[in-house]
Amino acid sequence: IRSLSLYADKSHTLGKGWTLGYGATYKYTDDNDFQNSSRNDNSSMIDNSLEEHTSTFYISTGKQYTNGVSFRISATGEYYKIGNYKKYSFYPQASLTWFKNPNHIWQSSVSTNKHYPSYWALQSAVTYIDGYSEVHGTPGLHPSTTYDLNVNYIYRQKYVAGLFHTYRKEYFSQVPYQSSERLALIYKMLNWDYMATTGVNVVIPVKVDSWLDSRLMLVGMNIHQRCDDYFDLSFRRDDWVFVGNIDNSFILSNGFTLELGGFVQTPASQGTFDIKTVWSVNGGLKYTFAKKRAILALKCNDVFNRSSPYTSMNY
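Let us look at the structure shown here. Just so you know, these numbers come straight off a predicted model, no measurement behind them.

### Some remarks on the overall build of the protein
Here is step 1: Counting its regular elements, the protein contains 0 helices and 21 strands.
Here is step 2: The C-alpha atoms of the protein give a radius of gyration of 25 Å, which is well past the 20 Å a tight globule of 315 residues would have.
Here is step 3: In terms of its C-alpha atoms, the protein occupies a principal-axis envelope of roughly 70 × 55 × 45 Å.
Here is step 4: Taking the contacts inside the protein whose residues are at least 6 apart along the sequence as the reference set, 53% of them involve residues at least 24 apart.
Here is step 5: Looking at the protein as shown, the accessible area adds up to about 19400 Å², and 57% of this sits on carbon and sulfur atoms.
Here is step 6: Of the charged side chains in the protein, 30 are positive and 26 negative, and the gap between their average positions amounts to 14 Å.

Structure below.
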């Protein structure tokens, strides 16, 4: 891979709390991939190259008010070309913060991001995992665009309650497909119509005197996935998922600290995959000595070996 990046930007302070920024970037990438393979006395060779061009221009402005309100707005225009695929895109960004006092903070933001597949995923190569499972490349796979909306309330700079919505247009992922033409399980990245996630999150810290310091995080969300052109199938998945995470530090005597944490995620789906409940328990013991300048730690993650998701497919 050979890559060249050029960028220039500038910012100004305009007075009365106003700011102005602008800039431009250009990136060129020349990718050369090849693969030689043999299977059942049949040999194949793939030698592909891709040229990628990305040009962007952005402008942003913002203001800080004396009453604790601040905002920032920016917009980015992009021209993107890889192979025969070309696209002009526009990405808005905005954030608003209301800071009445340290005990009450409101934050809201709208953001747009782009996610690119790996160069290898864009090749026409086939990798054989075994006699049944295959990984296929996807020439023409498109980048995906993610739109995020977040609203958070922070109380006493510790407690957090938030709402979020994420929409991933042309989301891509690698999920399995049982071929209807031959005995083969094919793993291939494809662009879906979209994946949307809407939910709430809560962060609650708990401190009891000088012997317990805990942090609890709870998330409840709805995940909707849709792909109308998935080989000779289509799928629409809709799941309600709960995620919980807790970290506890028990401060013992003589510099010892006992750490105990847990994580759980209820059943979910990923394209054609069904994912069972995932959970884990982590534990550790930490000893601080030499006037708090040295730490000796013993830690065990996933004590019961349950953090790897158990997946099945009946689709």
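### Some thoughts on the pairing of strand 15 (residues 233-251)
Here is step 1: Of the strand pairs in this sheet, strand 14 (residues 212-230) and strand 15 are connected by 17 bridges, and their pairing is antiparallel. Note that in strand 15 the partner of leucine 216 across the bridge is isoleucine 246.
Here is step 2: Count of turn residues in the strand 14/strand 15 antiparallel hairpin: 2 residues, of which phenylalanine 231 carries a positive phi of about 55°.
Here is step 3: Sheet topology note: the strand 15/strand 16 (residues 256-265) ladder contains 9 bridges and is antiparallel. When the bridges of strand 16 are listed, isoleucine 251 appears paired with threonine 257.

### Here we look at the packing of aromatic side chains
Aromatic rings in a pair are described by how distant their centres are and how their planes are angled relative to each other.
Here is step 1: If you walk through the whole model with that rule in mind, you get 18 aromatic pairs.
Here is step 2: Each ring, one from tyrosine 79 and one from tyrosine 88, has its centre 4.9 Å from the other, and the planes form 45°; the classification is tilted.
Here is step 3: Classification of tyrosine 79 by relative accessible area gives partly exposed; the value is 24%.
Here is step 4: Taking 5.3 Å as the distance between ring centres and 25° as the angle between the ring planes, the aromatic pair formed by tyrosine 167 and tyrosine 194 counts as stacked. Pair noted here: tyrosine 167 is in strand 10 (residues 159-169) and tyrosine 194 is in strand 13 (residues 194-208), with a separation of 27 residues, a long-range link.
Here is step 5: Here tyrosine 167 falls in the partly exposed class, since its relative accessible area comes to 29%.
Here is step 6: A relative accessible area of 17% places tyrosine 194 in the buried class.
Here is step 7: Each member of the aromatic cluster is reached from another via a ring pair, and the members are Tyr171, Tyr177, Trp192, Tyr230, Phe231 and Phe235.
Here is step 8: The ring of tyrosine 65 carries lysine 63 above its face, with NZ or CZ at 4.8 Å from the centroid.

### Side note on a nonpolar patch on the surface
Here is step 1: Together, Trp98, Trp106, Val110, Leu149, Val151, Leu163 and Val200 make up an exposed nonpolar region whose accessible area comes to about 590 Å².
Here is step 2: Put simply, the parts of the chain that give the nonpolar patch at least two residues each are strand 6 (104-115) and strand 9 (144-155).
Here is step 3: Look at leucine 149 and you get partly exposed, because its relative accessible area is 42%.

### As for the pattern of salt bridges
Here is step 1: Taken as a whole, this structure holds 7 salt bridges when the rule is applied.
Here is step 2: Across the pair glutamate 170 and lysine 87 runs a salt bridge whose closest N-O atoms are separated by 3.8 Å. Of the two residues, glutamate 170 is situated in the loop between strand 10 and strand 11 (172-178) and lysine 87 in strand 5 (residues 85-101); the sequence distance between them amounts to 83 residues.

### With respect to the sheet that holds strand 8 (residues 133-136)
Here is step 1: Taking strand neighbours across the sheet as the criterion, the 4 strands line up as 7-8-12-11 in an open arrangement whose pairing is mixed. Sheet topology places strand 7 (126-128) and strand 11 at the edges, where each strand pairs with a single neighbour. If you compare each strand with its neighbour and ignore which way they point, the axes differ by 25° on average.
Here is step 2: Sheet topology places strand 11 next to strand 12 (residues 185-191); 7 bridges connect them, and they run antiparallel. Bridge pairing in strand 12 places proline 176 opposite tyrosine 187.

What counts and what doesn't
- Residues numbered from 1 in each chain as written.
- Predicted model: local features only at pLDDT ≥ 70, side-chain atom pairs only at ≥ 80, totals over all residues.
- Heavy atoms only, no water.
- Helix = DSSP H or I, 4+ residues; strand = E, 2+ residues; numbered from the N terminus.
- Rg over C-alpha atoms; globule rule 2.2 N^0.38 Å.
- Contact = heavy atoms within 4.5 Å.
- Areas by Shrake-Rupley, 256 points an atom, 1.4 Å probe, with all protein chains shown as cover.
- Lys, Arg positive; Asp, Glu negative; His and termini not counted.
- Charge placed at Lys NZ, Arg CZ, Asp CG, Glu CD.
- Pairing = 2+ DSSP bridges.
- Phe/Tyr/Trp six-rings, centres within 6.5 Å; stacked < 30°, edge-to-face > 60°.
- Buried < 20%, exposed > 50% of the residue type's maximum accessible area, 1.4 Å probe, protein only.
- Lys NZ or Arg CZ within 6 Å of the ring centre and 35° of its normal.
- Patch = residues over 30% accessible without salt bridge, like charges linked within 9 Å, V, L, I, M, F, W, Y side chains within 5 Å.
- Salt bridge = Lys/Arg side-chain N within 4 Å of Asp/Glu carboxyl O.
- Axes fitted to C-alpha atoms, helices over the stretch in contact; angles between N-to-C directions.

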